[in-house]
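Fold and geometry: a report
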Amino acid sequence: MTEAEQTTGTPGSGTAAEAPDGVRGGRRIAVLLVVAAFAFLLDLGSKLLVVAKLEHHDAVEVIGTWLQFEVIRNRGAAFGFGEAMTIVFTVIATAVIVVIARIARKLYSLPWAIALGLLLGGALGNLTDRLFRSPGGFQGGVVDFIATPHFAVFNLADSAIVCGGFLIVILSFRGLDPDGTVHKD
């Protein structure tokens, strides 16, 4: 790779052994979809299990009072804020999914594929609750069940969203773009 290619980080630049751009991009989209499916299914399965086994019961201590499973239905955002704005959160989750789909078309970075997959899986997990849980119609309550002291009760979709967002911040600070380019500011 020439010095100019190293500083501009042209997607697909590198050794002759690398796959063509279309194949590389396709693989990154596959990673995004596998990570999203894993995050979504893990979230969905955990919610189905805790609703079936723990809802309407006292909190279950996993690690004393430091980590408990306590099922709540959250119609708002983190910490229960904005319960009257459930439909706004539904629209935001839908917009996130659309933006990720648009970014995926130009995706050549494996770390970005993982980060966007986590965001997509988490957004789909909470959107599924908003659409299909009581009272339904874009206003369903999200099932939250992971409780730690002095913090919000959350779920695995929330965790995937936070981890994906954190990874995106790191990638952005390191100058890596979703298209695989690296810029040094």
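Residues numbered from 1 in each chain as written. Predicted model: local features only at pLDDT ≥ 70, side-chain atom pairs only at ≥ 80, totals over all residues. Heavy atoms only, no water.

1. Quick look at the overall build of the chain
- Scanning the chain from N- to C-terminus turns up five helices and three strands.
- Along the chain, helices (α) and strands (β) appear in the sequence α-α-β-β-α-α-β-α when read from the amino end.
- When each of the 185 residues of the chain is scored for burial, the buried share is 37%.
- For the chain, the proportion of contacts with a sequence separation of at least 24, taken over those separated by at least 6, is 66%.
- With an accessible surface of roughly 10600 Å², the chain has 68% of that area assigned to carbon and sulfur atoms. (Helix = DSSP H or I, 4+ residues; strand = E, 2+ residues; numbered from the N terminus. Buried < 20%, exposed > 50% of the residue type's maximum accessible area, 1.4 Å probe, protein only. Contact = heavy atoms within 4.5 Å. Areas by Shrake-Rupley, 256 points an atom, 1.4 Å probe, with all protein chains shown as cover.)

2. Describing unusual backbone geometry
- Omega for the bond connecting S134 with P135 falls within 30 degrees of zero, at 0 degrees, which places this linkage in the cis form.
- Mapped onto the fold, P135 is located in the loop between helix 4 (110-132) and strand 3 (142-147).
- A positive phi angle, near 70 degrees, is found at H56, a position not held by glycine.
- As for its placement among the helices and strands, H56 is situated in the loop between helix 2 (21-53) and strand 1 (60-63).

3. Looking at the sheet that holds strand 3
- The three strands are arranged 1-2-3 in an open sheet whose pairing can be described as antiparallel. Of all the strands in the sheet, just strand 1 and strand 3 have a single pairing partner and so form its edges. Mean inter-strand twist for the sheet, computed between neighbouring axes without regard to direction, equals 35 degrees. (Pairing = 2+ DSSP bridges. Axes fitted to C-alpha atoms, helices over the stretch in contact; angles between N-to-C directions.)

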